[in-house]
Amino acid sequence: MKMKSSLFLLALVAAALGVSAAEPLRYAVAADRATCVYACGETATFTVTVTGTNGQRVATGSVQASLDNFGPQTVAAAVTWDLAKTNVFTLAGRLDAPGFLRLNLSPAPQGNGPKVWSVAYDPTRIAKGSPSPADFDAYWAGERARLRREVPLDPQVVRVPERSTSAFDFFRVSFATFGRRVYGYLSVPTDKTKAPFPVNAGVNAAGFGGWTNDMAGRPDAICLQMSVYPFEPDWRWQETGLKATYDAMNEACCAKYGCGYSCAGIAVSREDYFFHSVLLGIDRAIDWLVARPDVDRTRVAYQGTSQGGGFGFYLTGLNHAFTRAAFYVPAITDTMGYRAGRRSGWPQIVENNSRTPETRAAAERLAPYFDGANFASRIACPVRVAVGFSDTTCPPCAVYAAYNEIKVKDKEIVHGIGMTHSCFGTFYRDLGAWAGK
């Protein structure tokens, strides 16, 4: 897909009004349309105001601004504003094909406000960067069957007394998969008179910290939270020094494959890719969970953020036990987005396996088997998605490419205008309440 940028307007609309200040900058950005959604060919105008931490307009220094297609294509070349001469300024441009028009501001802001800001152009028409492999369904059906045939499930469920309460029992769980185990937490309400219980399942976001090592139990639902790492999570991770284990895992991936865990192995084979055995292991964990007699199979929800959102596409596309799902700023979508001339979704599997022409070619051939956009069309349950318009980790174009592949009628996407790789609390509240119904 080739995007055009046939219009570039630049206007200075006001002089600096503030005090001289050698302090960190904050950017207040607005588009000339509140929805930040345009039709292809329409002009979008960004208005930028620069302030210091005291809230007053800055009158010293300079700001550089440019526009691109949330990828390598320049829409407006970088222009520099001298803040001693002008502060409030506008920059305008357009896209003639579906995508996102991104405003880039430098230096990077400190405190509130984005470094980037984008608007959408016919986002529901954004197409994924490559088609699904012809044998996509056959491959994954075969791998699920092979796992059942070759590797016993071996569920290990250990109650944790110090994390259990009068309202729920808390467990460590793990399940066997190809070459390793997958680990997580499970909580089950103690009041059995209210069974069967709804399920809230999820997979952790990437990185390492409290969000990868803990889970809150609930008195009204069975909760399952799974990790992608080949070691047990631990809510005491700071005292135990567990991050050293995470770092060693990542270093081993870099030493063997030349990249971190999220991209490791794809240039060798589908089965070597780090997420291959993880996905299959968590998939069978879901099967084990919904087979429990205390589960309400009409209320099996999935919720996940970033990497967990990407795994939501994986799992709901592969496993039709889910009845509702919410994906927040999902990763691992549109892995081939670069072919459409835009930024691919995290972790940019192909781009990070480009050490040699051979590794890149292999990654290009195999990455589509792990593209959330290719799982999306197999999803059978209602879905809600939250997308950050200023998200440079899981870019909005990649999220939309996957969202547009979802075929179910009951789907919605909420726009985080100015939202970076995080998620507004209102999105978690509202979409979480919907998923839990």
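As shown above, the structure is provided for reference.
For the structure given in this document, a descriptive report is provided here. (Residues numbered from 1 in each chain as written. Predicted model: local features only at pLDDT ≥ 70, side-chain atom pairs only at ≥ 80, totals over all residues. Heavy atoms only, no water.)

Some thoughts on the pairing of strand E13 (residues 197–203)
At step 1: E13 sits mainly inside the fold: seven of its seven residues count as buried.
At step 2: Relative to strand E15 (residues 295–305), E13 is paired through four bridges, and the arrangement is parallel. Each residue of the ladder has a partner; that of Ala201, found in E15, is Tyr302.
At step 3: Both E13 and strand E14 (residues 222–226) contribute to a ladder of five bridges, which runs parallel. When the sheet's bridge partners are listed, Val199 is paired in E14 with Ile222. (Buried < 20%, exposed > 50% of the residue type's maximum accessible area, 1.4 Å probe, protein only. Helix = DSSP H or I, 4+ residues; strand = E, 2+ residues; numbered from the N terminus. Pairing = 2+ DSSP bridges.)

Considering the nonpolar core
At step 1: Formed by 122 residues in total, the largest nonpolar core has its most connected members in Leu103, Trp140, Tyr261 and Phe311.
At step 2: With 11 residues, the single largest contributor to this core is helix H5 (residues 274–290).
At step 3: Once you skip the residues sitting within four places of it in the chain, Phe311 turns out to touch Val203, Val228, Phe275, Val278, Leu279, Ile282, Tyr302 and Ile332.
At step 4: Within the second largest apolar cluster, 11 residues are counted, among which are Ala301, Ala326, Phe427 and Leu431. (Core = buried A, V, L, I, M, F, W, Y, C linked by side-chain atoms within 4.5 Å. Contact = heavy atoms within 4.5 Å.)

Quick word on the side chain of Asp294
At step 1: Mapped onto the fold, Asp294 is located in the loop between H5 and E15.
At step 2: The contact partners of Asp294, leaving out residues within four places of it in the chain, are Val188, Ala195, Pro196, Phe197 and Ile222.

Remarks on the sheet that holds strand E11 (residues 168–177)
At step 1: Reading across the sheet, the nine strands line up as E10-E11-E12-E14-E13-E15-E16-E17-E18 and stay open at both edges, with mixed pairing between neighbours. Looking at which strands have only one partner, the edges of the open sheet turn out to be strand E10 (156–159) and strand E18 (411–416). Here the average twist between neighbouring strands, direction ignored, is 15°.
At step 2: Where E11 and strand E12 (residues 180–189) come together, 10 bridges link them in antiparallel fashion. Note on E12: the bridge partner recorded for Ser174 is Tyr183. (Axes fitted to C-alpha atoms, helices over the stretch in contact; angles between N-to-C directions.)

Honestly, that's just the spatial picture; any functional story needs more than this.
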